[in-house]
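Listed below, chain by chain, are the residues.
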Amino acid sequence: MIYDVIIIGSGPAGLAAAIYAKRAELSVIVIEKAGLSGGQIINTYEVDNYPGTPGISGFELSTKFREHADKLNTEFVDGEVTDFNLEGDLKVVTLEDGREFRAKSVVIAAGGAPRHLGVEGEEKLAGMGVSYCATCDGAFFKNKTVAVVGGGDVAVEDAIFLARLCKQVYVIHRRDQFRAAKSSSAKLMALENVKILWDSVVTQIKGDEKVNSIEVRNVKTEEVTDLEVAGIFIAVGYLPNSEVYKKVVATDEAGYIKAGESCETNVPGIFAAGDIRTKELRQIITAASDGANAITAVEKYLNSLE
């Protein structure tokens, strides 16, 4: 079968794209890697910034997205994309078991993931004080003490944001100066409730059912300190799931697929939506918006083929 559109990924961007595609009466199939819809949000304990659903869990919200797609009889298939090619006007997507799917267009909504520290306690306490998104989870730590790990623009901006809410913010950076813009770095260092730990790394995150402290080591003196914190925000980079697509579509130096608000890539008929594309803000609401924009662009593309 030749589909109108293949959607790769079933996070908010992919599911929104599926809903819009079905409503547009396009033939569509969604390929999901994990066999479970929702993407990163399924691990979010509470979502408080998606309009109309205050306090909903990430799993519940993703379930609602999937139920909406199912109600429209969307076709889903489990599998990991291992090859991605063009064959004339057809786009061919190959899974790890050799199955091939063909379509006139493809929406890549494979998302990405924050870079992890890889220290003891990080995975165990993910969503229970370990966070990779200050704007998503910062409000849950109002008047508490937290730590931010990183020294780039995201880390510095996260720390400034958290300083407005939290009693104390520790910023832990392995170097002796920030890589972030000088203006924002200066703003951060001027805040009274922010303490910066230079030349330091987190070596362990401690807690039973939630974070209660972290172990920090100074890389120059080797001194180890225990800090009592209610949460730790890790901002040491983000990894888009774009490796398999790089040979086909253009990406930036960080690996994000180059695509604007229309989600169009440099290859006609291939679109990128959600966290995998170049954009300023990566949130549930912007991912869902991308899904809608991508299908609008897909419709225009398909009409141009007629």
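Scroll up to find the structure this text is about.
All figures in this text were calculated on a predicted structure; none of them were measured in a lab. (Residues numbered from 1 in each chain as written. Predicted model: local features only at pLDDT ≥ 70, side-chain atom pairs only at ≥ 80, totals over all residues. Heavy atoms only, no water.)

**Student:** Just to check I follow, could you spell out the overall build of the chain for this structure?
**Tutor:** Looking only at helices and strands, the chain features six helices and 17 strands. Its C-alpha atoms give the chain a radius of gyration of 21 Å, near enough to 19 Å, the size a compact globule of 306 residues would have. With the principal axes as the frame, the chain shows a C-alpha extent of 65 × 35 × 35 Å. Residue burial in the chain is summarised as follows: out of 306 residues, 51% are buried. Excluding contacts between residues fewer than 6 apart, the proportion of contacts in the chain whose partners are at least 24 apart in sequence is 58%. Surface exposure of the chain reaches about 14900 Å², of which carbon and sulfur atoms provide 48%. Each charge class in the chain was averaged separately, 33 positive and 44 negative side chains, and the resulting centres sit 4 Å apart. (Helix = DSSP H or I, 4+ residues; strand = E, 2+ residues; numbered from the N terminus. Rg over C-alpha atoms; globule rule 2.2 N^0.38 Å. Buried < 20%, exposed > 50% of the residue type's maximum accessible area, 1.4 Å probe, protein only. Contact = heavy atoms within 4.5 Å. Areas by Shrake-Rupley, 256 points an atom, 1.4 Å probe, with all protein chains shown as cover. Lys, Arg positive; Asp, Glu negative; His and termini not counted. Charge placed at Lys NZ, Arg CZ, Asp CG, Glu CD.)

**Student:** When you look at the pairing of strand S9 (residues 145-149) in this model, what are you seeing that I'm missing?
**Tutor:** Along any regular strand, the residues point their side chains to alternate faces of the sheet. For S9, the tally of buried residues reaches four of five residues, placing the bulk of the element in the interior. Sheet analysis places S9 next to strand S10 (residues 168-172), joined by five bridges and oriented parallel. Each residue of the ladder has a partner; that of Val-149, found in S10, is Ile-172. Between the parallel pair S9 and S10, the chain is carried across by helix H4 (residues 153-163), and the sense of this crossover is right-handed. In the sheet, S9 pairs with strand S15 (residues 231-234) via four bridges, with the strands oriented parallel. When the bridges of S15 are listed, Val-149 appears paired with Ile-234. (Pairing = 2+ DSSP bridges. Right-handed = clockwise from strand over helix to strand, strands pointing away.)

**Student:** For this particular structure, what's the right way to read the sheet that holds strand S13 (residues 213-218)?
**Tutor:** Two orientations exist for strands paired in a sheet by backbone hydrogen bonds: parallel and antiparallel. The three strands lie next to each other as S12-S13-S14, forming an open sheet whose pairing is antiparallel. On the outer flanks of this sheet lie strand S12 (200-206) and strand S14 (224-228), each paired with one strand and no other. Strand-to-strand twist of the sheet, defined as the mean angle between neighbouring strand axes without regard to direction, takes the value 30 degrees. (Axes fitted to C-alpha atoms, helices over the stretch in contact; angles between N-to-C directions.)

**Student:** Is there a simple way to explain the pattern of salt bridges in this structure?
**Tutor:** A side chain with one charge can pair with a side chain of the opposite charge if their charged atoms come near. A full pass over the atoms with the stated rule returns 15 salt bridges. With a closest N to O distance of 3.3 Å, Arg-66 and Glu-32 form a salt bridge. With Arg-66 in helix H2 (residues 58-71) and Glu-32 in strand S2 (residues 28-32), this pair connects stretches of sequence that are 34 residues apart. Accessibility expressed as a relative area gives 22% for Arg-66, which makes it partly exposed. (Salt bridge = Lys/Arg side-chain N within 4 Å of Asp/Glu carboxyl O.)

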